[in-house]
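# Inside the fold
Each chain, written out:
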Amino acid sequence: MKGYFFAFEGIDGSGKTTQINLLASKLTQLKKEVIVVREPGGTALAEAVRQILLDKQFQGMNGWSETFLFCAARADLVQRVILPELDKGTIVLADRYRLSTEIYQGIGRNLPLEKVQEVLDLATHHLKPHLTLILDVPLELSLQRLQSENRVFDRMETSGMEFFQRVAKAFREVNDQDIIHLDGSQSIEKISEEIWSVVKQFLELGENE
Ligand code: Z5A
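Fair warning: this is a prediction, and the values are worked out from it, not measured in the lab. (Residues numbered from 1 in each chain as written. Predicted model: local features only at pLDDT ≥ 70, side-chain atom pairs only at ≥ 80, totals over all residues. Heavy atoms only, no water.)

### Some points on the site of the ligand
Near the ligand, the surroundings consist of 28 residues, among which Lys16, Thr17, Thr18, Arg96 and Thr101 are the closest. Between the ligand and Ser14, the relevant distance is 3.2 Å, taken from an oxygen atom to a main-chain nitrogen or oxygen of the residue. One nitrogen or oxygen atom from the side chain of Arg74 is found 3.1 Å from an oxygen atom belonging to the ligand. Bound to the protein, the ligand loses 84% of the 1100 Å² it would expose on its own. For the shell around the ligand, the elements supplying multiple residues, two or more each, are helix H1 (16-29), helix H3 (63-88), helix H4 (98-108), helix H6 (139-148) and helix H8 (188-203). Per element, the largest residue contribution to the shell around the ligand is four residues, and it comes from H4. Its residues placed into classes, the shell around the ligand shows seven nonpolar, eleven polar and ten charged. (Near = heavy atom within 4 Å. Polar contact = N/O pair within 3.5 Å; in protein donor to acceptor, adjacent residues only side chain to side chain. Areas by Shrake-Rupley, 256 points an atom, 1.4 Å probe, with all protein chains shown as cover. Helix = DSSP H or I, 4+ residues; strand = E, 2+ residues; numbered from the N terminus. Nonpolar A, V, L, I, M, F, W, Y, C, P; charged D, E, K, R; others polar.)

### Remarks on empty space enclosed by the protein
Unoccupied space between atoms shows up once a probe the size of one water molecule is rolled over them. For the structure shown, the criterion picks out one cavity of 30 Å³ or more. Of the pockets and cavities examined, the largest cavity occupies roughly 40 Å³. Lining the largest cavity are Gly10, Ile11, Leu135, Asp136, Val137, Ala168, Phe171 and Arg172. Per-element accounting of the lining of the largest cavity gives the leading share, three residues, to helix H7 (residues 161-173). (1 Å grid on protein atoms, 1.4 Å probe; cavity = no way out; pocket = protein on both sides within 12 Å on 5 of 7 lines; lining within 4 Å. Points joined across faces, edges and corners; volume = space filled by probe spheres on them.)

### A few points about the pairing of strand S1 (residues 4-9)
Among the six residues of S1, five are classified as buried, and the element is accordingly described as predominantly covered. Across five bridges, the pairing between S1 and strand S3 (residues 91-95) is parallel. Bridge assignment links Phe8 to a residue of S3, and that residue is Asp95. Pairing analysis gives four bridges linking S1 to strand S4 (residues 131-136), with the strands arranged parallel. When the bridges of S4 are listed, Ala7 appears paired with Thr132. (Buried < 20%, exposed > 50% of the residue type's maximum accessible area, 1.4 Å probe, protein only. Pairing = 2+ DSSP bridges.)

### Considering H4
The buried fraction of H4 is high, at ten of eleven residues. Within H4 the residues assigned to the buried category are Arg98, Leu99, Ser100, Thr101, Glu102, Ile103, Tyr104, Gln105, Gly106 and Gly108. In this fold, the buried residues of H4 make contact with S1, H3, helix H5 (113-124), S4, H7 and strand S5 (179-183). With its phi angle positive at about 60 degrees, Asn110 sits one or two positions after the end of H4. (Contact = heavy atoms within 4.5 Å.)

### Looking at the nonpolar core
Membership of the largest hydrophobic core comes to 21 residues, with the highest contact counts inside it found for Ile11, Leu99, Ile103, Tyr104, Phe163, Val167 and Phe171. Looking at this core, the elements with two or more residues in it are helix H2 (44-54), H3, H4 and H7. Residue contributions to this core peak at six residues, all from H7. Apart from the residues lying within four places of it in its own chain, the contact partners of Phe163 are Tyr104, Gly108, Arg109 and Met156. Core analysis: the second largest hydrophobic core is formed by 20 residues, Phe8, Val34, Leu131 and Leu203 among them. (Core = buried A, V, L, I, M, F, W, Y, C linked by side-chain atoms within 4.5 Å.)

Right, here's the structure in full:
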């Protein structure tokens, strides 16, 4: 694998999409090959699965059905897009990846984490990001941000406060050598600078880049 794979994670409204777009344009200005993928989505099949997952007519979906649907979308994205791009040497920026399934389905839906991880390993051919960057924001702030957008909440977003409290706590507490936590309640510019310093160091870009 010649490319680099960075996943961005956090609760809804934590600012992932905003930061990924800023990072992608910085890297593009430096003439790096970059693609941005969002999950669930990024291929025709995965976008179709996304429609099902977010559709409120499927309220109360079984936790395993939900897990398999997220993993079906991801399997297609990994095989058709992420792996070929990494092989070409592209930098892949993912708006959510497997940590979302571990936390939303494993912890949020109370499924056994080892079993969820087994399904994830099958769906992703064990592909893990080089780095996972988590934007930590308090749940109240993320709700404020989403409400100020006047957004119509989808099926996942109407899973209830207890579910979101479990999810937010798990994102805050998860720790691993490939995971970096950033304070997502800072200004957009400050977070972007912090992400740039992490990514720049990781890619070993020079001082003038
Ligand atoms: N899900 C799952 O359960 N299992 C899985 O395996 C996967 C996903 C992959 C996908 O939703 C849902 O599926 C999600 C998790 C679940 N649902 N839940 N619940 P999605 O793709 O539609 O949405 P999202 O990933 O949660 O993204 P989002 O809601 O669009 O949020 P975001 O990308 O993190 O934030 P943003 O769009 O960049 O910013 C949100 C707003 O805040 C916007 O108005 C910004 O201008 C503002 N913002 C951003 N940063 C700041 C700062 N720093 N200060 C002030 N305001 C800011």
